Amino acid sequence: MGTDLLEGLKLENKLRSIVQDSRLSDVYHHNYSFELPRYEDLNEWKNRCNELREAILISSGLWPFPNKCALQAKIFDKVEFDDFTVEKVLFESYPGFYVTGNLYRPKVQKGPFPAILNPHGHWENGRLEMSDLTEIPTRCANFAKMGFVAFSYDMVGYVDSRQIDHELSGVEQELWGVSLLGLQLWNSIRSLDFLQSLPDVDPEQIGCTGASGGATQTFLLGAVDERLKVGAPVSMISSYMQGGCKCENAPYLRMEGTTNVEIAAMFAPRPMLMTGNTGDWTNNIPHLEFPYIQNIYRLFDSVEKTEYFYIKAEHNYNKATREVVYNWFRVHFQGNSAPWEEVKVNFGDVNQFRIFPSPESMYKLKDADEIITNLKQEKIDRLDAARNESIEPYYKALKFLMGLNNDSGYVQAIKPDDIYYGKQYKDEDTDQIAIAQYVVKLEKQDVNIPLSILKSKSVSNKNEIVLFAHPGGSKGILEDSKSRKIVNDWLKKGIQVATFDAFLTGASLKPFSQSGRNTNLDQYFTTYNYTDSVYRVQDIVHIYQFLLDCQYDRLHIVGLEDAGLWVSAALPFLKNVHSATVDLNGFNTESDADYINHFFIPHFRAVGGIETCFQLAEPKTLKIFNCSQSGKDSILKVIDKQKIEFHMFETLVEAFDLEMTKYL
């Protein structure tokens, strides 16, 4: 039976009332005015580009890079004009998922020709828009007249690309890394493949231009694909507006202050023209965004390869802007500096360029559910192959998802006595327990995590400690009878117990917030902000690192209830763990709903979820309990029992070998 050492102990963690956690207030969004980071060294910038490129691929769901299927391109229904032709194009970017568009070719000139990709923005009529704001068929026809092959293609959900709606979204898709942005970026990559496959195209001379959402597609493509040689993103690059559509805001794309300005700058040192207008979010281009990007080109000694055009106008890709863009490509691909004056073309009804003039004509194509299911299955197949060969590449992706890529950890741990008026906020010792308290301060943000370390006064304490994570925070181990018994057992063995309030749990909810962060501030919340689950994993990693630096002989870690999931996800990043005991709380590792409701992290299932965390973890001993049957099966497949001592139990009582009579 024994004595309850925790009798009279109050772990109120009052330090939370005097230390800050900027994560509660710093919620970013697509209209946030970001400060642009400065780069004065070329190697520093190249390293940043490598980070950004990987971030773009992971956030767009294109990591690991998908297998490229045969395009099965169909070019048909040629319409002839005086000096150019227009054809319909249909090819597969994924098996059964089609890119739809029009190919504009010179009629009388001899190739091979440079080629221009023309993604479009959110115009009402998509690639067939003919209005004062933009005339996409006119632009493509003029490219052809100038001696370029031009390909205009649909955004997902526009004109002829109707297999998937342009409103595709949802937390389930976020879990798997399936998004409009990813689909469109992949379509752009495959459109480059398509142009390079044409005998009348010079495969080394391909450029891209689009406005608004089409500009987003332009600089994202340029960031991940070096085959794009010249770019002209129009009416988009801004430090304070990053795109107002789901197709421009994939989860994790713009974490920790990343903006379109940095992404567009990745085009350097390839020639890039950027344009701005007085009447939209590009109004600061002359004195902010362009000088910033020009400085990146300066690192390459290539300032002459970037320019800007600025006009008094609303959001547009109008005739004046188009003519500047024509000349940009003309100079850099043809060496021709003679200005081109746009030629007006009488197309008749541009709907003649439609591929599927009615929904009925699409009836043989795969629908969205089938396509998305296939995309998920490809991710599963790639993951299964990696599990059998090498799972290590997934460590880096997992580290990125947990926000630990550039994390320099904690800066210092401060005792309350060293904080002004701190003593009055210290939890007091009892007759049986001594409490040492610290505030673990992180470097990246104004984040402070109070930590309590408990020691028994009645035994000789070992240089050994267990970090205890509970969804109720420090008070949770007192209020939950089973947790209380476990802590008693550790303390009676002379093992110290470290306890803390993870992000938005326990005292972390007071006094700052009772309901959490304002996740409704932006519909693209996870594009700019980590989820609560990620922050809890980070807290565990930082607290554990502090304890590791304290030079304990042995470190253990325990996670109960949903905190078992946080500990599981943290394990790959914890060194020298003597034992880890985690409660999976009935969690079904095969259930999207369980991830959404208990441990939501975008892209997490795409990298293998909890199973990958266990496969990458290296504690000396790992104990798992309270696991669903499907979870047992999937976890047992990935655990390397030659590397770690592994045990699976049904209940907490079995996992800790408890005598619960007194505490139940």
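Note that the structure is a prediction, hence the values are computed from the model and not measured.

### Points about the environment of F587
(1) Moving on: As for its placement among the helices and strands, F587 is situated in the loop between β16 (579-583) and α16 (592-598).
(2) Moving on: Each C-alpha atom, one on F587 and one on I610, is 10.0 Å from the other, the two residues being 23 residues apart in sequence.
(3) Moving on: Apart from the residues lying within four places of it in its own chain, the contact partners of F587 are L565, D594, Y595, H598, I610, N626 and S628.

### Quick notes on unusual backbone geometry
Note on backbone geometry: most residues besides glycine have negative phi, and most peptide bonds are trans.
(1) Moving on: For the bond from G111 to P112, the omega torsion is 5°, close enough to zero to count as cis.
(2) Moving on: A cis amide bond links A268 with the next residue in sequence, P269, at an omega value of 5°.
(3) Moving on: Within the fold, P269 resides in the loop between α6 (260-265) and β8 (272-277).
(4) Moving on: One non-glycine residue with positive phi stands out, namely E561, at about 55°.
(5) Moving on: Among the structural elements, E561 can be located in the loop between β15 (554-559) and α15 (563-570).
(6) Moving on: Take E561: its relative accessible area is 32%, and that puts it in the partly exposed class.

### Points about the pairing of strand β17 (residues 621-625)
In summary, the side chains of a regular strand alternate between the two faces of the sheet.
(1) Moving on: In terms of burial, β17 is a largely internal element, four of the five residues being buried.
(2) Moving on: As judged from the five bridges shared by β16 and β17, these two strands associate in the parallel manner. Note that in β17 the partner of A580 across the bridge is L622.
(3) Moving on: Direction of pairing for β17 relative to strand β18 (residues 645-649): parallel, over a ladder of five bridges. Within β18, the position partnered with L622 by the bridge is F646.

### Digging into a positive patch on the surface
(1) Moving on: Together, K462, K493, R554 and K620 give the surface a local cluster of positive charge.
(2) Moving on: For K620, the location among the structural elements is in the loop between α17 (609-616) and β17.

### Some words on the layout of surface pockets
(1) Moving on: Space inside the second largest pocket adds up to approximately 550 Å³.
(2) Moving on: In terms of lining residues, the second largest pocket is bounded by 25 residues, among which V171, E174, F525, T526 and F600 are the most central.
(3) Moving on: Only α3 (171-176), α13 (525-528) and α14 (532-549) provide two or more residues apiece to the lining of the second largest pocket.
(4) Moving on: Broken down by class, the residue content of the lining of the second largest pocket amounts to nine nonpolar, 11 polar and five charged.

### A few points about empty space enclosed by the protein
(1) Moving on: Scanning the model with the defined rule gives three cavities of 30 Å³ or more in all.
(2) Moving on: The volume enclosed by the largest cavity comes to roughly 160 Å³.
(3) Moving on: As for the largest cavity, its lining consists of 16 residues, of which G61, L62, P66, Y94 and K379 are closest to the centre.
(4) Moving on: For the lining of the largest cavity, the secondary-structure elements that each account for two or more residues are α4 (180-197) and α9 (368-388).
(5) Moving on: Looking at which element gives the most residues to the lining of the largest cavity, the answer is α9, with four residues.
(6) Moving on: When its residues are assigned to classes, the lining of the largest cavity shows eight nonpolar, five polar and three charged.

What counts, and where the lines are drawn
Residues numbered from 1 in each chain as written. Predicted model: local features only at pLDDT ≥ 70, side-chain atom pairs only at ≥ 80, totals over all residues. Heavy atoms only, no water. Helix = DSSP H or I, 4+ residues; strand = E, 2+ residues; numbered from the N terminus. Contact = heavy atoms within 4.5 Å. Buried < 20%, exposed > 50% of the residue type's maximum accessible area, 1.4 Å probe, protein only. Pairing = 2+ DSSP bridges. Patch = residues over 30% accessible without salt bridge, like charges linked within 9 Å, V, L, I, M, F, W, Y side chains within 5 Å. Areas by Shrake-Rupley, 256 points an atom, 1.4 Å probe, with all protein chains shown as cover. Salt bridge = Lys/Arg side-chain N within 4 Å of Asp/Glu carboxyl O. Lys, Arg positive; Asp, Glu negative; His and termini not counted. Charge placed at Lys NZ, Arg CZ, Asp CG, Glu CD. 1 Å grid on protein atoms, 1.4 Å probe; cavity = no way out; pocket = protein on both sides within 12 Å on 5 of 7 lines; lining within 4 Å. Points joined across faces, edges and corners; volume = space filled by probe spheres on them. Nonpolar A, V, L, I, M, F, W, Y, C, P; charged D, E, K, R; others polar.

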